[in-house]
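# Coordinate analysis (summary)
Chain by chain, the residues run as shown.
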Amino acid sequence: QVQLVESGGGLVLPGGSLRLSCAASGRTFSIYAMAWFRQAPGKEREFVARIVGIDSLTSYKDSVKGRFTISRDNGKNTVSLQMNSLKPEDTAVYYCAAGFSALEYSFWGRGTQVTVSS
């Protein structure tokens, strides 16, 4: 089993920045991919960013490219999401996920709220 705990959410003005962190514990040596997803009110959960494998290959949702950066610290078993130039449409609960493949995530955190509003 792998346990994930997110932190770093909050309220920010449009154009501002936030950094989300996800701490993993348990069988972290088995994790191949980690990712961030988000779910806005009344909408389905959607992929935001992933970081995969020993080479830390990254991929992003088109609407966050150039604004968000995902990174991973294997020594600390953490994954972070730096979010810049935030927009109101980025408002959502953000979830950290981990899995044994790039497309299937077996472990999820409880989420952290990000609100972008003036």
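All values derive from a computational prediction rather than experimental measurement. (Residues numbered from 1 in each chain as written. Predicted model: local features only at pLDDT ≥ 70, side-chain atom pairs only at ≥ 80, totals over all residues. Heavy atoms only, no water.)

Moving on: the environment of lysine 87. With respect to the helices, strands and loops of the structure, lysine 87 is situated in the loop between strand E8 (78–83) and strand E9 (92–99). On the accessibility criterion, lysine 87 (34% relative accessible area) is partly exposed. Sequence separation between lysine 87 and valine 12 is 75 residues, and the spatial gap between their C-alpha atoms is 9.4 Å. Excluding residues within four positions of it along the chain, lysine 87 makes contact with Arg67 and Val116. (Helix = DSSP H or I, 4+ residues; strand = E, 2+ residues; numbered from the N terminus. Buried < 20%, exposed > 50% of the residue type's maximum accessible area, 1.4 Å probe, protein only. Contact = heavy atoms within 4.5 Å.)

With that out of the way, let us pick up the packing of aromatic side chains. Tallying each qualifying case throughout the model produces four aromatic pairs. Where phenylalanine 37 meets phenylalanine 47, the ring centres are 5.9 Å apart and the plane angle is 75°; that geometry is what we call edge-to-face. Residue phenylalanine 37 is found in strand E4 (residues 33–39), and its partner phenylalanine 47 is found in strand E5 (residues 46–52); the two are separated by ten residues along the sequence. Among the aromatic residues, those joined into a cluster by ring pairs are Phe37, Phe47, Tyr105 and Trp108. Over the aromatic face of tryptophan 108 sits the side chain of arginine 45, whose NZ or CZ is 3.8 Å from the ring centroid. Across the ring face of phenylalanine 47, the terminal group of arginine 50 is positioned such that the distance to the ring centre comes to 4.3 Å. (Phe/Tyr/Trp six-rings, centres within 6.5 Å; stacked < 30°, edge-to-face > 60°. Lys NZ or Arg CZ within 6 Å of the ring centre and 35° of its normal.)

Okay, the nonpolar core next. Ranked by size, the top nonpolar core spans 29 residues in total, and within it Leu4, Met34, Trp36, Leu81, Met83 and Tyr94 carry the most contacts. Elements that contribute at least two residues to this core include exactly strand E1 (2–7), strand E3 (18–26), E4, E5, strand E7 (68–73), E8, E9 and strand E11 (112–116). Residues in contact with leucine 81, not counting those within four places in the same chain, are Leu18, Arg19, Leu20, Trp36, Val48, Ala49, Phe68, Thr69, Ile70 and Tyr94. Residues Ala33, Phe37, Val52 and Tyr105 belong to the second largest nonpolar core, which totals six residues. (Core = buried A, V, L, I, M, F, W, Y, C linked by side-chain atoms within 4.5 Å.)

Counting across every chain of the model gives five salt bridges. With a shortest N-O distance of 2.7 Å, arginine 38 and glutamate 46 are connected by a salt bridge. On the basis of relative accessible area, arginine 38 is assigned to the buried category, the value being 5%. Salt bridges sharing common partners tie together Arg38, Glu46, Lys61, Arg67 and Asp90. (Salt bridge = Lys/Arg side-chain N within 4 Å of Asp/Glu carboxyl O.)

Judged from the six bridges that link them, E3 and E8 form a sheet pairing that is antiparallel. Note that in E8 the partner of alanine 23 across the bridge is threonine 78. As consecutive antiparallel partners, E7 and E8 are separated by four residues, and within that stretch asparagine 77 has a phi angle of approximately 55°, a positive value. (Pairing = 2+ DSSP bridges.)

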